[in-house]
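Observations on the model geometry
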There are 2 protein chains.
Amino acid sequence: MITVIITFMQKLTAQRQAILDLINASNRHWDADEVARALVDTGASIGIATVYRGLSALESQGLIDSIQLADKKRYERADKAHHDHMVCTGCGHIEEFSHDTIEALQEAAAEKKGFKLTGHQLVMFGFCRKCRQELDT
Amino acid sequence: MITVIITFMQKLTAQRQAILDLINASNRHWDADEVARALVDTGASIGIATVYRGLSALESQGLIDSIQLADKKRYERADKAHHDHMVCTGCGHIEEFSHDTIEALQEAAAEKKGFKLTGHQLVMFGFCRKCRQELDT
DNA sequence: AAATGTAATGATAACCGTTATCATTATCGT
DNA sequence: ACGATAATGATAACGGTTATCATTACATTT
Ligand SMILES: [Mn+2]
Ligand SMILES: [Mn+2]
Ligand SMILES: [Zn+2]
Ligand SMILES: [Zn+2]
């Protein structure tokens, strides 16, 4: 019998509330540094370590979501349905999409290999509509 | 009129040939450190910086492939058809799979958003057959 | 064969996102 | 109010990767 002790946030502190509010008020995908700068710009006082810890804590509560890109993690609101991402390598724009059939086929593919899925991440790279035009000119 | 000068490898040096041979002789997904250690173990003399540069050069020639995982990049043989990956969070085992319908639907999803795709990466996380059993016991 | 130009090598410093450390501060239950 | 516990913030440390730079290996030209 193994007892696993999980420590949850004792409280949504002022700092964590500020992080959560910031992310919930936008549709962006924030990295830790952007969050820290945005909060400091509004006059809040928050250390970068607190931002990292706050983001982790909020995510483990399911209050925010994240995607792991090549270089860094980016966080976004959790009150949207599951979706995946297209990243424009030209301008960094992130487009969201969801496709039920793709999701179902992933599950089937996992089943065939004996995998018990816990998550997935599909990232597509390319050029957004705007950057495509600039390439043609 | 913009001229882009691309410098290719002048030559497949002994070090890069050794990296390529090592990777081609296995079905593993190697990180840079594993490659370096494996080569040093066979008596070869190669610096870690050379391994990183060699892996990059070989990949840009299309001689090897890579996947970007959360913490590090992993390299594999390029003489297999395109495929995606399932990573076992229990033991690190990487299973490969390919699904033509998923690929086609991705292209369609990109088209709908105006994206010109250049690549994608689908990573599924979960527990492999072996680790599933150990969880149940 | 010798000289020249260019690319690769290897040791190591630097970089960058992230996590660990630790003294201090805030918060919760009693 | 008290004591226990968790969060904060400055900063050090970490891990993977890239940059620097003096040296070495090639290939091409004389
Ligand atoms: Mn999103
Ligand atoms: Mn593979
Ligand atoms: Zn773009
Ligand atoms: Zn496993």
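Residues numbered from 1 in each chain as written. Chains lettered and ligands numbered in written order. Predicted model: local features only at pLDDT ≥ 70, side-chain atom pairs only at ≥ 80, totals over all residues. Heavy atoms only, no water.

Before going further, it helps to spend a moment on the domain arrangement of chain A. Residue and element names in this part refer to chain A. For chain A, the assigned domains are domain 1 (2-77) and domain 2 (84-136). A separation of 24 Å is found between the C-alpha centroids of domain 1 and domain 2. Across the interface of domain 1 and domain 2, roughly 500 Å² is buried in total on both sides, 60% from carbon and sulfur atoms. Sorting the residues of domain 1 by area buried against domain 2 places H29, I67 and L69 first, and these three jointly supply 70% of that buried surface. (Domains from an automatic or database assignment. Buried area = accessible area lost by both parts, 1.4 Å probe.)

Let us look at the coordination of the zinc ion (ligand 3). Residues and elements named next belong to chain A. All of the protein donors around the zinc ion (ligand 3) are C88 (SG), C91 (SG), C128 (SG) and C131 (SG); their distances to the metal are 2.2 to 2.4 Å. Each donor residue of the zinc ion (ligand 3) lies on one chain, and together they are spaced C-x2-C-x36-C-x2-C. Summarising the burial analysis for this pair, C128 and C131 share the class buried. (Donors = N, O, S within 2.8 Å, 3.2 Å for Na, K, Ca; no water. Buried < 20%, exposed > 50% of the residue type's maximum accessible area, 1.4 Å probe, protein only.)

What follows concerns the protein's contact with DNA strand D. Near DNA strand D lie 18 residues; those nearest to it are A:T13, A:T50, A:R53, B:K11 and B:K73. Close to the protein, within 4 Å, the atoms of DNA strand D belong to sugar or phosphate groups at a rate of 69%. One of the side-chain nitrogen or oxygen atoms of A:T13 is found 2.5 Å away from a phosphate oxygen of DNA strand D. Elements with a minimum of two residues in the surface near DNA strand D: α1 (14-24) and α3 (48-60) of chain A together with α3 (48-60) of chain B. Per-class residue counts for the surface near DNA strand D are five nonpolar, six polar and seven charged. (Near = heavy atom within 4 Å. Polar contact = N/O pair within 3.5 Å; in protein donor to acceptor, adjacent residues only side chain to side chain. Helix = DSSP H or I, 4+ residues; strand = E, 2+ residues; numbered from the N terminus. Nonpolar A, V, L, I, M, F, W, Y, C, P; charged D, E, K, R; others polar.)

Residue and element names in this part refer to chain B. Coordination of the manganese ion (ligand 2) by the protein comes from H29 (NE2), E76 (OE), E76 (OE), H83 (NE2), H85 (NE2) and E96 (OE), over a distance range of 2.1 to 2.5 Å. Metal-centred angles of 55 to 170 degrees between the six donor atoms at the manganese ion (ligand 2) mark the site as irregular. Within one chain, the residues serving as donors to the manganese ion (ligand 2) are arranged as H-x46-E-x6-H-x1-H-x10-E. When sorted by exposure, E76 lands in the same class as H85, which is buried. (Tetrahedral: all angles 85-135°; square planar, octahedral: opposite > 155°, others 65-115°.)

Below, the discussion takes up the side chain of A:E76. Residues and elements named next belong to chain A. Assignment of secondary structure puts E76 in strand β2 (residues 73-77). Polar contacts involving the side chain of E76 include one to the side chain of H29, which spans 3.1 Å. Those residues within four positions of E76 in sequence are excluded, and the remaining contacts are I23, R28, H29, I64, D65, I67, H83, H85 and E96. (Contact = heavy atoms within 4.5 Å.)

Now for the relation of the copies chain B and chain A. At an RMSD of 0.0 Å, chain B and chain A line up after a rotation of 180 degrees and a shift of 0.0 Å along the axis. What the superposition gives is, in effect, a two-fold axis relating one chain to the other. When C-alpha positions in chain B are compared against the rotation axis, the closest is assigned to B:L122, at 2.1 Å. Of the residues that chain B buries at the interface, 100% are likewise interface residues in chain A, meaning the two copies contact each other through the same surface. (Least-squares fit on C-alpha atoms with pLDDT ≥ 70 in both.)

With that settled, consider the side chain of B:E76. Residues and elements named next belong to chain B. On the basis of relative accessible area, E76 is assigned to the buried category, the value being 3%. A distance of 3.2 Å separates the side chain of E76 from the side chain of K80, its partner in a polar contact. Among the polar contacts made by the side chain of E76, one reaches the side chain of H85 at a distance of 3.2 Å.

Moving on to the interface of chain B and chain A. Between chain B and chain A, the residue contacts involve 35 residues of the former and 35 residues of the latter. Of the roughly 3,100 Å² buried between chain B and chain A, counting both surfaces, carbon and sulfur atoms make up 66%. It is B:K113, B:F115 and B:M124 in chain B that bury the most area against chain A; as a group they hold 20% of the surface buried on that side. The interface formed by chain B and chain A contains zero salt bridges. Among the secondary structure elements, those contributing two or more residues to the side of chain B that touches chain A are β3 (84-88), β4 (94-97), α4 (100-112), β5 (116-127) and α5 (129-136) of chain B. In this structure, strand β5 (residues 116-127) of chain A lies alongside β5(B), joined through 11 bridges in antiparallel fashion. The residue bridging A:H120 from the neighbouring strand is B:M124, located in β5(B). (Salt bridge = Lys/Arg side-chain N within 4 Å of Asp/Glu carboxyl O. Pairing = 2+ DSSP bridges.)

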